[in-house]
Amino acid sequence: MDVVDVEFQASLTGMLIEALATSRATSMDASTLYLVLIQAHPNLATERSKEGLLMDIAMVLEAGRTRCGMFEKVDGSGERSRHKALENRWFYVPERDEDLERASLIGAIMPRQKRNETKKYKQYYYRPLDKMSRWDPEDAP
């Protein structure tokens, strides 16, 4: 990894923390984070491809989770559509950030803490049942 990548990853970490901390949503998936970053920093769209930036976002989030736990994820175990799985949702934990000054500043401006119950994936929608007859064969008149 060269110096440019290390510097870019450090700045991307700060951008991700800012996006997660200032958002109304308590957690976001990588695709939503990409859209927020492009809106806040339009120069990213010209510097890197969408696929490359999505890979960088996923890599930085996972590195922050394994290194010190400043990013945590809610596993998406359902399906968004027939053939596409739900993305993992990520949130920022200022108490575990290595940069204590940044953590205290971001912790002060964050709208709220992540509740323990929202750190778990819940499926709220279930696929409808297949078409069935109104009566079981044994109950038919």
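All of these numbers come straight from a predicted model, not from anything done at the bench.

Explanation requested: the packing of aromatic side chains in the structure shown.
Aromatic rings in a pair are described by how distant their centres are and how their planes are angled relative to each other. Taken as a whole and assessed by the stated rule, the structure comprises one aromatic pair. Relative to Tyr92, the ring of Phe71 lies with its centre 6.3 Å away and its plane at 55°, an arrangement referred to as tilted. Here Phe71, found in strand 2 (residues 71-74), pairs with Tyr92, found in strand 5 (residues 89-92); they are 21 residues apart in sequence, far enough to count as distant. No difference in accessibility class separates Phe71 from Tyr92, as the two residues are buried. Stacked on the ring of Phe8, the Lys or Arg Arg48 has its end atom at 3.7 Å from the ring centre.

I'm lost on the nonpolar core in this one. Help?
Buried together is how nonpolar side chains tend to be arranged in soluble globular proteins. Counting 25 residues, the largest nonpolar core has Leu16, Leu33, Leu37, Ile57, Phe71 and Tyr92 as the members making the most contacts within it. Of all the elements in the fold, those that place two or more residues in this core are helix 1 (3-22), helix 2 (30-40), helix 4 (50-67), strand 5 and helix 5 (100-109). The leading source of residues in this core is helix 1, at eight residues. Setting aside residues no more than four positions away along its own chain, Leu37 makes contact with Leu12, Met15, Leu16, Ala19, Leu44 and Ile57.

I keep staring at the pattern of salt bridges and nothing clicks. Help me out?
Close approach of charged atoms allows side chains of opposite charge to pair. Applying the stated criterion across every chain, the model contains seven salt bridges. Measuring nitrogen to oxygen at the nearest pair gives 2.5 Å for the salt bridge that ties Arg65 to Glu62. Here the residue Arg65 and the residue Glu62 both occupy positions in helix 4, the gap between them amounting to three residues, near one helical turn. Here Glu62 falls in the partly exposed class, since its relative accessible area comes to 26%. Close ionic contact of Arg67 with Glu98 constitutes a salt bridge, the shortest N to O distance being 3.0 Å. Placement of the pair is Arg67 in helix 4 and Glu98 in the loop between strand 5 and helix 5, with a sequence separation of 31 residues. It is possible to trace a salt-bridge network through shared partners that takes in Asp5, Arg48 and Asp56.

I tried to follow the packing of helix 2 against helix 4 on my own but got confused; where do I start?
Angle between the axes and distance between the axes: these two values describe a pair of packed helices. Close contact between helix 2 and helix 4 brings their axes to 10 Å; oriented N to C, the two are set at 115°. Judged on the interaxial angle alone, helix 4 and helix 2 are roughly perpendicular. Where helix 2 crosses over helix 4, the handedness of that crossing is right-handed. Seen from helix 2, the contacting residues are Ala30, Ser31, Leu33, Tyr34, Leu37 and Ile38; seen from helix 4, they are Lys50, Leu53, Leu54, Ile57 and Leu61. Split into classes, the residues belonging to the contact of helix 2 with helix 4 amount to nine nonpolar, one polar and one charged.

Even after reading the chapter, I still don't get the sheet that holds strand 5, so can you show me in this structure?
Either a parallel or an antiparallel arrangement is found when strands of a sheet pair, and the pairing is made through backbone hydrogen bonds. Strand order in the open sheet formed by three strands is 1-5-2, and the pairing between neighbours is antiparallel. Strand pairing shows two members of the sheet lacking a second neighbour, strand 1 (28-29) and strand 2, which therefore form its edges. Its contacts with the sheet place helix 4 against strand 2 and strand 5, and it is angled at close to 110° to strand 2.

What exactly am I supposed to notice about the environment of Glu72 here?
Its place among the elements puts Glu72 in strand 2. The partly exposed category is assigned to Glu72, whose relative accessible area is 22%. The sequence separation of Glu72 and Trp90 amounts to 18 residues, and the corresponding C-alpha distance is 5.6 Å. Aside from chain neighbours lying at most four places away, what touches Glu72 is Arg65, Arg89, Trp90, Phe91, Val93 and Arg96. Among the polar contacts listed, one links the side chain of Glu72 to the side chain of Arg96, at a separation of 2.9 Å.

Scoring rules and cut-offs
Residues numbered from 1 in each chain as written. Predicted model: local features only at pLDDT ≥ 70, side-chain atom pairs only at ≥ 80, totals over all residues. Heavy atoms only, no water. Phe/Tyr/Trp six-rings, centres within 6.5 Å; stacked < 30°, edge-to-face > 60°. Helix = DSSP H or I, 4+ residues; strand = E, 2+ residues; numbered from the N terminus. Buried < 20%, exposed > 50% of the residue type's maximum accessible area, 1.4 Å probe, protein only. Lys NZ or Arg CZ within 6 Å of the ring centre and 35° of its normal. Core = buried A, V, L, I, M, F, W, Y, C linked by side-chain atoms within 4.5 Å. Contact = heavy atoms within 4.5 Å. Salt bridge = Lys/Arg side-chain N within 4 Å of Asp/Glu carboxyl O. Axes fitted to C-alpha atoms, helices over the stretch in contact; angles between N-to-C directions. Parallel < 35°, antiparallel > 145°, perpendicular 65-115°, else oblique. Left-handed = near helix turned anticlockwise from the far one by under 90°. Nonpolar A, V, L, I, M, F, W, Y, C, P; charged D, E, K, R; others polar. Pairing = 2+ DSSP bridges. Polar contact = N/O pair within 3.5 Å; in protein donor to acceptor, adjacent residues only side chain to side chain.

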